[in-house]
Amino acid sequence: MAKSQQTFNKTEKEKKRLKKREEKRKKMLARKADSKENGTSGIPMAYVDFNGNLVDTPPDPSMKVEIEAEDIVLGIPKKEEGDVEEFDPVRSGKVSFFDSSKGFGFIIDSENNEKYFVHVSGLIDEIFENDKVSYELERGMKGMNAVRVKKIA
């Protein structure tokens, strides 16, 4: 005759499963008894007031605001002529380091003291350390680069 396929581990798992099922059934019966005793339906309703807070009372219908579907703007609103900000792309700064043999250096912005990389290919005039320069910024592979660099007299 063959040995029984029922192992100790299998019987323990089966006992746990039955126990869990029984606990679940007891909780369900307790909820039903509680709802009959208190007269509640179980889960209370939650509402959102005009400030965005959760409350247990429904919102006041007189506070309701009607919004037309045409008034809802999807996307970025179009800019009008008066909305355009004036932006000067030319900035000024001081050359903190420049190695002419390697062809690169750094410029410190006079407004926000940020360091910007400058390459010899972005130069208009020849520059040296401690020169005051004007430049424009362009996004490079590793951050902002100074381009169109001119020496200020």
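Let us look at the structure shown here.

## A look at the overall build of the protein
(1) Moving on: When helices and strands are counted, the protein shows one helix and seven strands.
(2) Moving on: Taken from the N to the C terminus, the helices and strands of the protein come in the order α-β-β-β-β-β-β-β.
(3) Moving on: Since a compact globule built from 153 residues should have a radius of gyration of about 15 Å, the 37 Å found for the protein marks it as more spread out than a globular shape.
(4) Moving on: If you line up the protein on its principal axes, its C-alpha atoms span 95 × 75 × 25 Å.
(5) Moving on: When each of the 153 residues of the protein is scored for burial, the buried share is 14%.
(6) Moving on: For the protein, long-range pairs separated by at least 24 residues make up 38% of all intrachain contacts whose partners lie at least 6 apart in sequence.
(7) Moving on: Of the roughly 14100 Å² that the protein leaves accessible, carbon and sulfur atoms contribute 54%.

## A word on the pairing of strand 7 (residues 144-151)
(1) Moving on: Two strands pair when backbone bridges link them, and strand 5 (residues 115-119) and strand 7 are joined in this way by two bridges, in the parallel orientation. Bridge pairing in strand 7 links V118 to A146.
(2) Moving on: In this sheet, strand 7 lies alongside strand 6 (residues 132-139) in antiparallel orientation, the contact comprising six bridges. Residue pairing in the sheet places R139 in a bridge with M144 of strand 7.
(3) Moving on: If you look at the hairpin formed by strand 6 and strand 7, you'll find four residues sitting between the two strands, and G143 has a positive phi there, around 140 degrees.

## Here's the deal with a nonpolar patch on the surface
(1) Moving on: A contiguous nonpolar surface patch, about 490 Å² in accessible area, is contributed by V65, I67, I72 and L74.
(2) Moving on: Looking at the element boundaries, L74 is found in the loop between strand 2 (54-55) and strand 3 (91-99).
(3) Moving on: The class for L74 is exposed, based on a relative accessible area of 80%.

## Some words on the nonpolar core
(1) Moving on: Within the largest apolar cluster, 11 residues are counted, these being V95, F98, I107, Y116, V118, L123, I127, V133, Y135, A146 and V149.
(2) Moving on: Within the residue set of this core, elements represented by two or more residues are strand 3, strand 5, strand 6 and strand 7.
(3) Moving on: Those residues within four positions of V118 in sequence are excluded, and the remaining contacts are F98, G103, F104, G105, F106, I107, L123, A146 and V149.

## Brief notes about the pattern of salt bridges
(1) Moving on: Evaluated as defined, the whole model comprises seven salt bridges.
(2) Moving on: The partner of R25 in a salt bridge is E22, and the shortest N-O contact between them spans 3.0 Å. In this pair, R25 and E22 both sit in helix 1 (residues 8-38), three residues apart, roughly one turn of the helix.
(3) Moving on: A relative accessible area of 42% means that R25 is categorised as partly exposed.
(4) Moving on: Owing to a relative accessible area of 31%, E22 belongs among the partly exposed residues under this scheme.

The rules we used
- Residues numbered from 1 in each chain as written.
- Predicted model: local features only at pLDDT ≥ 70, side-chain atom pairs only at ≥ 80, totals over all residues.
- Heavy atoms only, no water.
- Helix = DSSP H or I, 4+ residues; strand = E, 2+ residues; numbered from the N terminus.
- Rg over C-alpha atoms; globule rule 2.2 N^0.38 Å.
- Buried < 20%, exposed > 50% of the residue type's maximum accessible area, 1.4 Å probe, protein only.
- Contact = heavy atoms within 4.5 Å.
- Areas by Shrake-Rupley, 256 points an atom, 1.4 Å probe, with all protein chains shown as cover.
- Pairing = 2+ DSSP bridges.
- Patch = residues over 30% accessible without salt bridge, like charges linked within 9 Å, V, L, I, M, F, W, Y side chains within 5 Å.
- Salt bridge = Lys/Arg side-chain N within 4 Å of Asp/Glu carboxyl O.
- Core = buried A, V, L, I, M, F, W, Y, C linked by side-chain atoms within 4.5 Å.

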